[in-house]
Amino acid sequence: MLAPAALMRDRLAMYNANGLHLGVFGANCSSGRSATTVPERWSASWRDCLQLGRMADEAGIDFMLPIGRWKGYGGDTDFHGATLETVTWATGLLAATTRITVFGTVHAPLFHPLIAAKEFVTADHVGAGRFGLNLVAGWNEGEFEMFGVGQRDHETRYAFAQEWLDAVKRAWSEPDTFDFDGQFLKLKGVRAFPKPHGGTRPIIMNAGSTPTGRAFALRNCDAFFTANSASRTSLEAGLKQVEEIKSEARALGREIEVYTIGQVICRPSQKEAEDYYRHAVIDNADWGAVERMLALRNITPQTVSPEEYAAKRQYFAANAIGGYPFVGSPDKVADELANLARSGLRGIAVSFVNYLLELPYFCDEVLQRLARHGVRAPRPR
Ligand SMILES: Cc1cc2nc3c(=O)[nH]c(=O)nc-3n(C[C@H](O)[C@H](O)[C@H](O)COP(=O)(O)O)c2cc1C
């Protein structure tokens, strides 16, 4: 049996030798990461998710990252109106797969930490060490109202998330009964068994975009997902942040892996890919849903100029929801992904308009090119 430190390294490597980790992002939510009305948009039904999980596992995709979403954004499709709860979703997928790491995404203020810690352990045992945790401090006011839970101010939200995670980690590691006496959480006589698989703990990630969110990730997480207006529109701008984040972590005596997100539309020719991108993501965007997402950020025709509003609408549909668009032929998509890996990025979680229809072509064409670029091991047999 390997020592816990070596087992933890294996976990962080997602049990493979790939330089660039590839994940599937957002498949537990209706329409995934594309606010589109096209009829082939993603259903997020369990049947489709299960088929996708098995397909991704067999093809050698490294991880699946769901979105913790409780309420749809409206529009013609009620974008994200139907979502599968992420920890139960992950547990089902882990039971049906053998290689892939599956994350659960949890809003700290909505889950009791001891219930959450046990759910994570259960998922982790089902997956024999393949469960990962995406911790969200919370940002979407309407979702919190729905639970009758008041949103704390931004700084306090992360202070609470810190305590919440400390409690979860203690439940994962304390060999005996313990008390937890925090500012927000007072837990007495806690007993939490079993511990996570193999004497280690699930990979922890976070994707806070503010300085407070980023500082939280640097202090606590194994993986930090960046997605901001720079990384969503320019590969170069996104990459500049990678070294910055890693060196900030090193200054705290920690190593952190940097990941990002993107949407993939890969077709035999560049023109076909660009045509479909425009068709699905722009010409048939669910503008009602896009406008609702903007309104949640206080961007409305009443708060900004008509020019700025038009630009934001376009940016949200084209880049913000899905992340940087990897649109093109297999050569182009593979070149761009390989460049990410060479610049120190550890991985990327991508979405497709219809994951099941599009993943096979991506895996057949792009994965082998990435192996030739030397940024991934050859596909498993
Ligand atoms: C890859 C990625 C995954 C995220 N997953 C979720 C999620 O599932 N649910 C959610 O409410 N927010 C999610 N977020 C939002 C972030 O956790 C974070 O709250 C947001 O970027 C705002 O940053 P801040 O918390 O520093 O203010 C995600 C963001 C990214 C980039």
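**Q** Explain the overall build of the chain to me, please; I cannot follow it from the model alone.
**A** Secondary structure summary: the chain contains 14 helices and 11 strands in total. Taking 21 Å as the expected radius of gyration for a compact globule of 381 residues, we find that the chain reaches 20 Å, a close match to that expectation. Sorting the 381 residues of the chain into buried and exposed places 45% on the buried side. Sequence separation of at least 24 residues holds for 74% of the intrachain contacts in the chain that already meet a minimum separation of 6.

**Q** What is the right way to read the packing of helix α2 (residues 46-59) against helix α3 (residues 86-96) from this model?
**A** Packed helix pairs are characterised by how far apart their axes lie and by the angle those axes make with each other. Running from N to C, α2 and α3 cross one another at 45 degrees; their axes reach a closest spacing of 9 Å. Of the possible angle classes, the one that applies to α2 and α3 is oblique. As α2 packs across α3, the resulting crossing turns out to be right-handed. Across the interface between the two elements, C49, L50, G53 and R54 of α2 pack against W89, L93 and A96 of α3. Its residues assigned to classes, the contact of α2 with α3 shows 5 nonpolar, 1 polar and 1 charged.

**Q** Would you take a moment to explain the site of the ligand for this structure?
**A** Every one of the 18 residues lining the ligand counts as a neighbour, but A207, G208, T210, G213 and A227 are closest to it. When contributions to the shell around the ligand are tallied by element, the ones reaching two or more residues are β4 (131-136) and α7 (211-220).

**Q** Teacher, can you tell me more about helix α11 (residues 287-296) here?
**A** For the α-helix, the turn length of 3.6 residues means that residues three or four positions removed from each other point alike. Within α11 the residues assigned to the buried category are A289, V290, E291, M293 and L294. Those residues of α11 that are buried lie in contact with α12 (306-320). Looking at the residues trailing α11, positive phi occurs at N298, about 60 degrees.

**Q** How do you make sense of the nonpolar core when you look at a structure like this?
**A** A general feature of soluble globular proteins is that nonpolar side chains tend to end up buried together. Judged by nonpolar contacts, the single largest core of 102 residues is most densely connected at V24, M64, A90, V102, L337 and I348. Ranked by the residues each element gives to this core, the list is headed by helix α6 (residues 154-173), at 7 residues. Non-local contacts of A90, meaning those with residues more than four positions away in its chain, are made with P66, V102, F103, G104, A123 and F131.

**Q** So what exactly am I meant to see when it comes to the pairing of strand β8 (residues 223-226) here?
**A** It is a general feature of regular strands that their side chains alternate between the two faces of the sheet. Here β8 shows a buried face lined by A223 and F225 and a second buried face lined by F224 and T226. Pairing between strand β7 (residues 203-206) and β8: 2 bridges, direction parallel. Each bridged residue has a counterpart across the sheet, and for M205 the counterpart in β8 is A223. Assessed by its sense of winding, the connection that carries the chain from β7 through α7 to β8 is right-handed. Strand direction decides the pairing type here: β8 and strand β9 (residues 257-266), joined by 4 bridges, are parallel.

**Q** Could you clarify how one ought to interpret the packing of helix α4 (residues 113-126) against α6 in this entry?
**A** Orientation of α4 relative to α6, taken along the N-to-C sense of each, is 50 degrees, at an axis distance of 9 Å. By the angle class used here, α4 and α6 are oblique. Here α4 runs over α6; the crossing is right-handed. For the pair α4 and α6, the contacting residues are P113, L114, A116, A117 and V121 in the first and W164, A167, V168, A171 and W172 in the second.

**Q** What's the story with the environment of V190 in this structure? I'm lost.
**A** The residue V190 is located in strand β6 (residues 186-190) in this model. For V190, a count of 17 C-beta atoms within 10 Å gives the class partly exposed. Sequence separation between V190 and F180 is 10 residues; the distance between their C-alpha atoms is 7.9 Å. In this structure V190 touches L114, A171, T177, F178, D179 and F180, once residues within four positions along its chain are discounted.

**Q** Looking at this structure, how should I read unusual backbone geometry?
**A** Negative phi characterises most residues that are not glycine, and trans characterises most peptide bonds. Look at the link from F193 to P194: it is a cis peptide, with omega at 0 degrees. The phi torsion at Y15 lies on the positive side, around 60 degrees, for a residue other than glycine. Checked against the element boundaries, Y15 lands in the loop between α1 (4-12) and β1 (21-25).

**Q** How should I be thinking about the environment of T101 in this particular structure?
**A** With respect to the element layout, T101 can be found in strand β3 (residues 101-107). Each C-alpha atom, one on T101 and one on D62, is 6.2 Å from the other, the two residues being 39 residues apart in sequence. Those residues in contact with T101 that lie beyond four places of it in its chain are M14, D62, F63, R130, G132 and I203.

**Q** Hey, could you run me through the pairing of β9 in this one?
**A** Taking burial as the measure, the 10 residues of β9 include 10 buried ones, the bulk of the element. Here β9 shows no split at all, with E257, Y259, I261, Q263 and I265 on one side and V258, T260, G262, V264 and C266 on the other all buried. Bridging between β9 and strand β11 (residues 347-351) involves 5 bridges; their strand directions are parallel. Note on β11: the bridge partner recorded for Y259 is G347. For β9 and strand β10 (residues 324-328), the ladder comprises 5 bridges, and the chain directions are parallel. Counterpart to G262 in the pairing with β10 is Y324.

Cut-off values and rules
Residues numbered from 1 in each chain as written. Predicted model: local features only at pLDDT ≥ 70, side-chain atom pairs only at ≥ 80, totals over all residues. Helix = DSSP H or I, 4+ residues; strand = E, 2+ residues; numbered from the N terminus. Rg over C-alpha atoms; globule rule 2.2 N^0.38 Å. Buried ≥ 20, exposed ≤ 12 C-beta atoms within 10 Å, placed from the backbone. Contact = placed C-beta atoms within 7 Å. Axes fitted to C-alpha atoms, helices over the stretch in contact; angles between N-to-C directions. Parallel < 35°, antiparallel > 145°, perpendicular 65-115°, else oblique. Left-handed = near helix turned anticlockwise from the far one by under 90°. Nonpolar A, V, L, I, M, F, W, Y, C, P; charged D, E, K, R; others polar. Near = placed C-beta within 6 Å. Core = buried A, V, L, I, M, F, W, Y, C linked by C-beta atoms within 7 Å. Pairing = 2+ DSSP bridges. Right-handed = clockwise from strand over helix to strand, strands pointing away.

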